[in-house]
Amino acid sequence: MDQPGEKLAVGIDDVRAAAERLKGRAVVTPLLDYPLVSERLGFRLLIKAETLQITGSFKFRGASNRLLAAKAADPTARAVVAFSSGNHAQGVAAAAKLFGFKATIVMPSDAPAIKVANTKGYGAEVVLYQRHTEDREAIARKIAEEDGALIVPPYDDPFIIAGQGTAGLEIVAQAKALSVTPDMVIAPCSGGGLIGGVATAVKDAFPNTAIYAAEPAGYDDLSRSLAAGERVANKPTAPSICDALMAQMPGALTFPIHRKLLAGSKAVSDDAVLDAMSFAQRHLKLVVEPGGAAGLAAVLAMRGELKGKTVVVICSGGNADPDMIKRAADRGDPLL
C-alpha cells in the first residue's frame, strides 16, 4: 500500500532528461520479434536485447547518466568509485573512460572472471573483497574519502534509476512502432533500479500494462517485501548462479516505486534460468547471462497463463563465462 504523501525518487520527466543525456552515447537496443517462436509458445514474445548495449548490459545507461549529471554539476569532478559483482562495474568503468573519470571498482572475489577482466580492460582499478565477510560499501566509502571520489551506487540513486528507465522509453516507442500494447513487461531485479526505471516509463504510456520483476529463488526479497508492504532482507542461503541478482533487500529509493507500479515479482530456480539461457541460444540467437535470463525464465515457466498475450522480456545482460554458456547449451532444447 502506498504511503500517504510519499514522493517517488524518480518520475517520467527524470527518465526523459536521462534519455537526452544519453542520446548518441548509449545504444538504442532493438525490441526483437520472433513470430515463429511466438507461435510455438502460444503468446507473442518480444525481447528487449540489452545484451547488445555497450558493455553487454543495461548498466551502462545508469552509470553514464550519473557521471554526465555529475560532470554538469561540477566540471572539476574527476574520480568515481563503485561496488558491483560485475555489470555495474563494467558500466561505470566504461562510462568513466568515455567521460574522463578515474574509476575504482570494488568487486567480490567470486565475480565471473569475464566481468573482472572486462572491468580492468576499460581502464578501472579493481579492488577485490570477500562477499560473505567484508562490507563492500564500507570499502568503497574509504576509497572515496581517500580519492575525493563520487560514489556511484548500483541502484539506489535517482540518476541511476532514471538512466535505466531509458530502456523503458525505448520499449514504449518500439511497441508503438509495432502497433502493440504489451500485456506484460518483465525484467530481472536485484536492487531494483532497472525495473523501477522501466516501470516509470512504461506505466506512463501504457497504464494497463502489468509490470513484473524476476528474481532468483532464495533471493526473492522484492516479492516478500511487496507482500509485507515494507523492505525485507534475504536470509542466508546457497548462492545463485544469477550473480548479478543477489542484493540483500530492495533499495530505499527503488522500493516505493516498486510498491506503486509493479504487479508483482516472480522467483525462478537455477534450472529454469539455465533452460532460459539454452532457449535464448537456440531460438533467439542471443547469449544471455544467468541474471539477464531471469525474466525469460519466468515467462517460460508461466507459458500456460500467457496464451494470446503480448509479453516484453528484458534480457538485461550477456556477460556469461564460457563454461556457463556451455552448461546451458548442454541442457538441450526447452521447447522439445
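Shown above is the structure to which this text applies.
Going along each chain's sequence as written, the residues are numbered from 1 onward. In keeping with the model being predicted, local features are shown solely for residues with a pLDDT of at least 70 and side-chain atom pairs are shown and tallied solely at 80 or more, while totals for entire chains, interfaces and linings include all residues. Side-chain figures throughout are based on the complete set of non-hydrogen atoms in the structure, without hydrogens or water.

Asker: I'd like to hear about the sheet that holds strand 3 (residues 79-83), residue by residue, with values.
Answerer: Here, a strand pair is defined by DSSP locating no fewer than two bridges between the strands. Where helices and strands are cited, they refer to DSSP runs of H or I of at least four residues and of E of at least two residues respectively, numbered from the N terminus. Pairing in this open sheet of four strands is parallel, and the strands run 5-4-3-6 from one edge to the other. Edge positions in the sheet fall to strand 5 (125-129) and strand 6 (150-151), since each of these pairs with one other strand and no more. Examined bridge by bridge, strand 4 (residues 102-108) and strand 5 share five bridges and lie parallel to one another. Across the sheet, the residue bridging to Val-106 is Val-127, located in strand 5.

Asker: Summarise the pairing of strand 2 (residues 44-49); cite the residues concerned and give the values.
Answerer: Partly exposed residues are those whose accessible area sits between 20% and 50% of the maximum for their type, while under 20% is buried and over 50% is exposed, using a 1.4 Å probe and protein chains only. The buried fraction of strand 2 amounts to five of the six residues, a majority that puts the element mostly inside the structure. Direction of pairing for strand 1 (residues 31-33) relative to strand 2: antiparallel, over a ladder of three bridges. Bridge pairing in strand 2 links Leu-31 to Lys-48. Where strand 2 and strand 10 (residues 310-315) come together, six bridges link them in parallel fashion. Within strand 10, the position partnered with Ile-47 by the bridge is Val-313.

Asker: Run through the packing of helix 11 (residues 270-284) against helix 12 (residues 294-301), naming residues and quoting values.
Answerer: Angles run from 0 to 180 degrees between N-to-C directions of axes, and those axes are lines fitted to C-alpha atoms, restricted for helices to the stretch in contact. Following both chains from N to C, one finds helix 11 and helix 12 inclined at 95 degrees, their axes separated by 8 Å at the closest point. In terms of their interaxial angle, helix 11 and helix 12 are classed as roughly perpendicular. Contacts between helix 11 and helix 12 involve Ala-272, Val-273, Ala-276, Phe-279, Ala-280 and Leu-284 from the first element and Ala-294, Leu-296, Ala-297 and Leu-300 from the second. Basically, the charged four are Asp, Glu, Lys and Arg, the nonpolar ten are Ala, Val, Leu, Ile, Met, Phe, Trp, Tyr, Cys and Pro, and anything else, Gly included, counts as polar. Each residue belonging to the contact of helix 11 with helix 12 can be placed in one class, and the counts come to 10 nonpolar, no polar and no charged. Angle categories are assigned with fixed cut-offs, so that under 35 degrees is roughly parallel, over 145 is roughly antiparallel, 65 to 115 is roughly perpendicular, and the rest are oblique. Every residue pair with non-hydrogen atoms within 4.5 Å of one another is taken to be in contact.

Asker: Tell me about the sheet that holds strand 7 (residues 184-188), and name the residues and values.
Answerer: Sheet architecture is open: six strands sit in the order 1-2-10-7-8-9, paired in mixed fashion. Looking at the sheet topology across the chains shown, the edges are occupied by strand 1 and strand 9 (264-268). Pairs of neighbouring strands in the sheet enclose a mean axial angle of 25 degrees, with direction left out of account. Across the face of the sheet, helix 12 comes into contact with strand 2, strand 7, strand 8 (210-216), strand 9 and strand 10 while running at roughly 135 degrees to strand 7.

Asker: Any details on the nonpolar core? Residues and values, ideally.
Answerer: Formed by 40 residues in total, the largest nonpolar core has its most connected members in Leu-45, Ile-47, Phe-279, Leu-284, Leu-296 and Val-313. Secondary structure elements with two or more residues in this core: helix 2 (35-41), strand 2, strand 7, strand 8, helix 11, helix 12, strand 10 and helix 13 (322-329). Looking at which element gives the most residues to this core, the answer is helix 11, with seven residues. Leave out the neighbours within four places in its chain, and Ile-47 touches Pro-30, Leu-31, Leu-32, Tyr-34, Leu-284, Leu-286, Leu-296, Val-313 and Cys-315. Counting residues in hydrophobic clusters, the runner-up holds 33 residues, among them Ile-12, Leu-261, Val-312 and Ile-314. For our purposes a nonpolar core is just a set of buried Ala, Val, Leu, Ile, Met, Phe, Trp, Tyr and Cys residues, chained together by side-chain atoms within 4.5 Å.

Asker: Lay out helix 4 (residues 87-99) in plain terms, naming residues and giving numbers.
Answerer: End to end, helix 4 covers 18 Å across 13 residues, agreeing with the expected 18 Å (1.5 Å per residue, within 8%). Burial within helix 4 is extensive, with 11 of its 13 residues counted as buried. For helix 4, the full list of buried residues reads Asn-87, His-88, Ala-89, Gln-90, Gly-91, Val-92, Ala-93, Ala-94, Ala-95, Ala-96 and Phe-99. Residues of helix 4 that are buried sit in contact with helix 3 (59-73), strand 3, strand 4, helix 5 (113-121) and helix 7 (158-177). In the stretch just after helix 4, Gly-100 is the one whose phi turns positive, near 85 degrees. Between the first and last residue of a helix there are one fewer steps than residues, each counted as 1.5 Å, and that sum is the expected span.

Asker: Please set out the side chain of Glu-215 residue by residue, giving values where relevant.
Answerer: If you trace the backbone, Glu-215 turns up in strand 8. In terms of polar contacts, Glu-215 uses its side chain to reach the backbone amide nitrogen of Asp-221, at 3.3 Å. Side-chain atoms alone can form a polar contact between residues adjacent in sequence; in general such a contact is a pair of N or O atoms within 3.5 Å, and within protein one must be able to donate a hydrogen while the other accepts it. There is a polar contact of 3.0 Å between the side chain of Glu-215 and the backbone nitrogen of Ser-223. Beyond its immediate stretch of four places on either side in the chain, Glu-215 contacts Cys-189, Asp-220, Asp-221, Leu-222, Ser-223, Ser-265, Lys-266, Ala-267 and Val-268.

Asker: So what's going on with the environment of Gly-42? Residues and values would help.
Answerer: Positionally, Gly-42 belongs in the loop between helix 2 and strand 2. By relative accessible area, which is 33% here, Gly-42 ends up partly exposed. With 106 residues separating them along the chain, Gly-42 and Gly-148 place their C-alpha atoms 54 Å apart. When neighbours within four sequence positions are excluded, Gly-42 is seen to be in contact with Leu-306, Lys-307 and Gly-308.

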